[in-house]
Amino acid sequence: MPRRATKRGEERTALSGTYDVVVCGASFAGLAVARQLAGSGARVLVVDRYEIGERQTSACGIPTEWLRVMGLMDSARQEFGELVVHTPHGTSRYELPWTFSTFDYPQLCRLLWAQADAEFETAKVNGRTGETVHTDRGDVSAPLIVDALGWRRILASDGGYQPPDAPLSRGLEVHPGGSSDDLEIWIDRRYVPAGYGWNFPAKSEQRIGVGSFDPRFHVKDTTVLLAEDLEQDAVRYQGNWIPHKLRDGTEDPIFFVGDSAGQCLPLTAEGIRTAFYFGIKLGDELRAVIEGRQDRDAALRTYSDFVDEHEWQFRWMLRAQRLVPRLPARVQRAVIWACGRKRFVDWAFGHYLRIAPPEFAGPPPEKTAEEEPVPAAA
Ligand SMILES: Cc1cc2nc3c(=O)[nH]c(=O)nc-3n(C[C@H](O)[C@H](O)[C@H](O)COP(=O)(O)OP(=O)(O)OC[C@H]3O[C@@H](n4cnc5c(N)ncnc54)[C@H](O)[C@@H]3O)c2cc1C
């Protein structure tokens, strides 16, 4: 049984108070926002139902350069220069123009948290009224509230998203021990009619899973099947819904980031670097409010516009997501083979990386503010 780190019983004292910023959700998106506020002098509260890094939310694969620029390389576990794609008609190896790495989730979260200077509390967020967030430990308020709670979009006024009718994919993986050299994906209807299977090794652990773009397709049996085919035990399950459509970045007065804003890339279900990317932008906008360089309305507008500027990229990836499964298997195989030419791979993966490029992230902000903190202007 995994040890439960979250506070229970008497340790769960009542929570209350007014902060400059309340960040709901302490995974990739929420921690990236908190990191950008370090040294701003703002009183920032981060809440999550689990302790930081306690509950892994993904296979934890990311372009290596993102780990480097964020100062998170100590969490890296394995680096890959090639992607291996299996179809029923054969296997292709793509040499990537940049490398991809798997990392350790608890360690990455701890490293990110060390770059922030916020307060943290474990509490389940139930909803909000205006500028007050309701948790199972009490209410907290702030003029600046961030929903980084994942796909549910809990702080939205319409009550958030519900599967299976919402634009969501679903993913499930198992984490057997052991090692493997290759980053592999399977485009094979035996595992999923629309989607793909994967094995992301992380040194002493493998992350074997299946993602379906159709939320009605249950991925448990075929995740077990893929693990069996790889002669691995189907143990330590981890799964979730994955948004595959970009949503509005704001709803006055709330800022949404990461999966709550649908910022996971539709065709690949890659949502970590985009959570960092949009989280950094949002953190910088909130910092400008804290430092008196803009008001909240301006931050809402600027961040919302920034999210909207990416809408066409997400739309095109969603189109491709819908088209690929409809192609006959032999055409799929021919396309995959043709796409394997080095020049095409360099071009396609170069464009893909630029949707959320690592250069966007600077080094961690200084933790000590040089100036007197300016109260948040709402
Ligand atoms: C099986 C699977 C494998 C994946 N593999 C990859 C991958 O290898 N690479 C990649 O880039 N993307 C991957 N993704 C997608 C990626 O996991 C998400 O896009 C990413 O986690 C989004 O980050 P986030 O911070 O927005 O949300 P999350 O990581 O989902 O974090 C949400 C946080 O909010 C907390 N929370 C939720 N509800 C409440 C509540 N009511 N009260 C308090 N706290 C709450 C959660 O505990 C969590 O800490 C995968 C997804 C799945 C399902």
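Residues numbered from 1 in each chain as written. Predicted model: local features only at pLDDT ≥ 70, side-chain atom pairs only at ≥ 80, totals over all residues. Heavy atoms only, no water.

## Describing the overall build of the protein
Argument step 1. Tallying secondary structure elements over the protein gives 9 helices and 17 strands in all.
Argument step 2. For the protein, the C-alpha radius of gyration of 21 Å lies close to 21 Å, the compact-globule estimate for 378 residues.
Argument step 3. Along the first, second and third principal axes, the C-alpha set of the protein runs to 65 × 45 × 40 Å.
Argument step 4. When each of the 378 residues of the protein is scored for burial, the buried share is 54%. (Helix = DSSP H or I, 4+ residues; strand = E, 2+ residues; numbered from the N terminus. Rg over C-alpha atoms; globule rule 2.2 N^0.38 Å. Buried < 20%, exposed > 50% of the residue type's maximum accessible area, 1.4 Å probe, protein only.)

## Focus on the environment of Phe-360
Argument step 1. Structurally, Phe-360 is set in the segment after helix H9 (342-354).
Argument step 2. Through-space distance from the C-alpha of Phe-360 to that of Ile-280 is 8.3 Å; in sequence the pair is 80 residues apart.
Argument step 3. Sequence-distant contacts of Phe-360, that is, excluding residues within four places in its chain, are made with Trp-66, Tyr-277, Ile-280, Lys-281 and Phe-306. (Contact = heavy atoms within 4.5 Å.)

## Structural notes on the site of the ligand
Argument step 1. The immediate surroundings of the ligand are formed by 34 residues, with Ser-27, Asp-48, Thr-57, Val-125 and Asp-259 found nearest.
Argument step 2. In this structure, Arg-49 approaches the ligand through a main-chain N or O atom, which is 3.1 Å from a nitrogen atom.
Argument step 3. Coverage of the ligand by the protein chains reaches 95% of its 1000 Å² of free accessible surface.
Argument step 4. Within the residue set of the shell around the ligand, elements represented by two or more residues are helix H1 (28-36), strand S11 (168-174), strand S13 (195-202) and strand S15 (237-243).
Argument step 5. A breakdown of the residues in the shell around the ligand according to their chemical character gives 17 nonpolar, 11 polar and 6 charged. (Near = heavy atom within 4 Å. Polar contact = N/O pair within 3.5 Å; in protein donor to acceptor, adjacent residues only side chain to side chain. Areas by Shrake-Rupley, 256 points an atom, 1.4 Å probe, with all protein chains shown as cover. Nonpolar A, V, L, I, M, F, W, Y, C, P; charged D, E, K, R; others polar.)

## Considerations on helix H3 (residues 105-114)
Argument step 1. Buried within H3 we find Tyr-105, Leu-108, Cys-109 and Leu-112. The buried residues of H3 all sit within an arc of 100° when viewed along its axis, so they share a single face.
Argument step 2. At its buried positions, H3 is contacted by H1, helix H2 (64-69), strand S5 (90-103) and helix H5 (272-290).
Argument step 3. Where H3 starts, the residue carrying a side-chain oxygen 2.9 Å from the main-chain nitrogen of Gln-107 turns out to be Asp-104. (Arc of directions from axis to C-beta.)

## Points about helix H7 (residues 311-323)
Argument step 1. Here H7 is 13 residues long and its end C-alpha atoms lie 18 Å apart, about the 18 Å a rise of 1.5 Å per residue gives.
Argument step 2. Looking at the buried positions of H7, the neighbouring elements they touch are S11, H5 and H9. (Expected span 1.5 Å × (residues − 1).)

## Some remarks on the nonpolar core
Argument step 1. Grouped together as the largest cluster of nonpolar side chains are 76 residues, with contacts concentrated most on Val-21, Val-146, Phe-255, Val-257, Phe-276 and Leu-286.
Argument step 2. In contact with Leu-286, not counting residues within four places along its chain, are Val-21, Val-33, Leu-37, Leu-144, Val-146 and Phe-255.
Argument step 3. Tyr-19, Val-22, Val-125 and Ala-156 belong to the second-largest nonpolar core, a separate cluster that totals 17 residues. (Core = buried A, V, L, I, M, F, W, Y, C linked by side-chain atoms within 4.5 Å.)

## With respect to the packing of H1 against H5
Argument step 1. Look at H1 against H5: their axes get within 7 Å of each other, and the N-to-C directions meet at 35°. Note that H1 runs across H5; the crossing there is right-handed. Together, Phe-28, Ala-29, Ala-32, Val-33, Arg-35 and Gln-36 of H1 and Ile-272, Ala-275, Phe-276, Gly-279, Ile-280, Leu-282, Gly-283, Asp-284, Leu-286 and Arg-287 of H5 make up the contact between the two elements.
Argument step 2. Looking at the contact of H1 with H5 residue by residue, the classes come out as 10 nonpolar, 3 polar and 3 charged. (Axes fitted to C-alpha atoms, helices over the stretch in contact; angles between N-to-C directions. Left-handed = near helix turned anticlockwise from the far one by under 90°.)

## Some points on the sheet that holds strand S2 (residues 44-48)
Strands belonging to one sheet form pairs held by backbone hydrogen bonds; the direction of such a pair is parallel or antiparallel.
Argument step 1. Pairing in this open sheet of 6 strands is mixed, and the strands run S6-S2-S1-S10-S17-S16 from one edge to the other. Lying at the two open borders of the sheet, with one neighbouring strand each, are strand S6 (119-122) and strand S16 (250-251).
Argument step 2. As defined by bridge partners, S2 adjoins S6 across 4 bridges and the pair is classed as parallel. For Val-47, the partnering residue across the bridge sits in S6 and is Glu-121.
Argument step 3. Against the sheet, helix H6 (residues 296-309) makes contact with strand S10 (144-147), S16 and strand S17 (254-256), and its axis sits at roughly 25° relative to S17, the strand it touches most. (Pairing = 2+ DSSP bridges.)

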